[in-house]
Amino acid sequence: GAGVSQSPSNKVTEKGKDVELRCDPISGHTALYWYRQSLGQGLEFLIYFQGNSAPDKSGLPSDRFSAERTGGSVSTLTIQRTQQEDSAVYLCASSLYSPGLNYGYTFGSGTRLTVV
Amino acid sequence: AQSVTQLGSHVSVSEGALVLLRCNYSSSVPPYLFWYVQYPNQGLQLLLKYTSAATLVKGINGFEAEFKKSETSFHLTKPSAHMRDAAEYFCAVTLGDKLIFGTGTRLQVFP
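Conventions adopted
Residues numbered from 1 in each chain as written. Chains lettered and ligands numbered in written order. Predicted model: local features only at pLDDT ≥ 70, side-chain atom pairs only at ≥ 80, totals over all residues. Heavy atoms only, no water. Contact = heavy atoms within 4.5 Å. Buried area = accessible area lost by both parts, 1.4 Å probe. Salt bridge = Lys/Arg side-chain N within 4 Å of Asp/Glu carboxyl O. Polar contact = N/O pair within 3.5 Å; in protein donor to acceptor, adjacent residues only side chain to side chain. Helix = DSSP H or I, 4+ residues; strand = E, 2+ residues; numbered from the N terminus. Nonpolar A, V, L, I, M, F, W, Y, C, P; charged D, E, K, R; others polar. Disulfide = S-S within 2.5 Å. Buried < 20%, exposed > 50% of the residue type's maximum accessible area, 1.4 Å probe, protein only.

Engineer: What is the right way to read the interface of chain B and chain A from this model?
Structural biologist: Interface size is often expressed as the accessible area that is lost when the parts come together. With 19 residues of chain B in contact, the opposing surface of chain A contributes 23 residues. Contact between chain B and chain A buries roughly 1600 Å² in total, counting both sides, with carbon and sulfur atoms accounting for 56%. Viewed at the interface, chain A and chain B are joined by 1 salt bridge. Along the contact surface separating chain B from chain A lie 6 residue pairs in polar contact (both at pLDDT 80 or more). Listed by contribution, the elements that provide at least two residues to the side of chain B that touches chain A are β4 (33-38), β5 (44-50), β9 (87-95) and β10 (98-101) of chain B. Partitioned by chemical class, the residues of the side of chain B that touches chain A number 7 nonpolar, 9 polar and 3 charged.

Shown next as C-alpha cells:
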C-alpha cells in the first residue's frame, strides 16, 4: 500500500477483555515496529519484526502482550485481559531496512485504545 | 546505551520568531539521528535525518538541524515560525535495529 495502515483507529474496550490491533505496512518493507504512546510520554518501543521473526521483543511490558507477523506483511498486536494502564495510542511503523542503515520509519496513524 | 534527551517539554514562540528545539544524544558509536513531527491525531512524520554526511541537515517545512559532536547535540531550528508548525516534535537515535525516541517537545505558536 501507499502508507502504513492501522486498524481500528479507535478502540474502546472493557477491562479484562482481549483486543487485537492490526498493522498493514508499506509493501516491500521488511522491518516492522510497534510503539506505545501514553499521554504526556514519549514513544515506548514494544517489538520489532524483520520478516516474520521478532529479533527484539524487549519492550513488551508483560506476558499479556504478544504480537505476530505473517507473510512478511500484516502484523497483529494482541493484548489479553486489558487493564486501564494499557490505555494509549499504539503506533506501528515500517522500514525498508533497519534504521541502522539510515532509513527512517514510516508511521501509521495509530490505534487509540481506551480501557474502561 | 544510546539515548536522547529533549530539553523542554513545551516551547512557545510567536509567529515569525525563531524556533529552537533542543536534543542531546548519548551514543557509544557514531549515531544516526532523526527528528519527527506529530500533528494532532496523526502518526509521526519524518522531518530530517543525520546519517554522518553533512553536519547541517535540511528537512521539510523549512526546518534544519546541526549535528555537533563536541556538544553531543542535534538541535532543530527554523528561522521563522508559522502557525501550522504547532505540533509535537520528537528526536530519535538508532539503537541497533530500532529507534529510541525522546519524550517530545510540544511547540505552540502564537499569532
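Engineer: Quick question: what am I supposed to make of the state of the cysteines here?
Structural biologist: Each disulfide is one covalent bond, formed between the sulfur atoms of two cysteines. Using the criterion set out here, one finds 2 disulfides over all chains in the structure. The disulfide partner of Cys23 of chain A is Cys92 of chain A, and the S-S distance across this bridge is 1.9 Å. Every disulfide takes its handedness from the sign of the S-S torsion; for Cys23 of chain A and Cys92 of chain A that torsion is -65°, giving left-handed. Note that Cys23 of chain A is positioned in strand β3 (residues 19-24) and Cys92 of chain A in strand β9 (residues 88-95), a separation of 69 residues in sequence. Shown here is the disulfide that connects Cys23 of chain B with Cys91 of chain B, its sulfur atoms set 1.9 Å apart. Measuring handedness by torsion sign, the sulfur bridge of Cys23 of chain B and Cys91 of chain B sits at about -60° and is left-handed. Placement of the pair is Cys23 of chain B in strand β3 (residues 19-26) and Cys91 of chain B in strand β9, with a sequence separation of 68 residues. Judged by its relative accessible area of 0%, Cys23 of chain B is buried. Taking relative accessible area as the criterion, Cys91 of chain B reaches 0% and is therefore assigned buried.

Engineer: So what exactly am I meant to see when it comes to the pattern of salt bridges here?
Structural biologist: What the rule picks out here adds up to 6 salt bridges over all chains. A salt bridge links Arg64 of chain A to Asp86 of chain A, with the nearest nitrogen and oxygen atoms 2.8 Å apart. You can see Arg64 of chain A sitting in the loop between β6 (53-56) and β7 (65-69) and its partner Asp86 of chain A sitting in the loop between β8 (75-79) and β9, a full 22 residues away along the chain. Accessibility assignment for this pair places Arg64 of chain A and Asp86 of chain A in one class, buried. As a salt-bridge pair, Glu64 of chain B and Lys58 of chain B come within 2.8 Å of each other at their nearest N and O atoms. Relative accessible area serves as the criterion here: at 23%, Glu64 of chain B is assigned to the partly exposed category.

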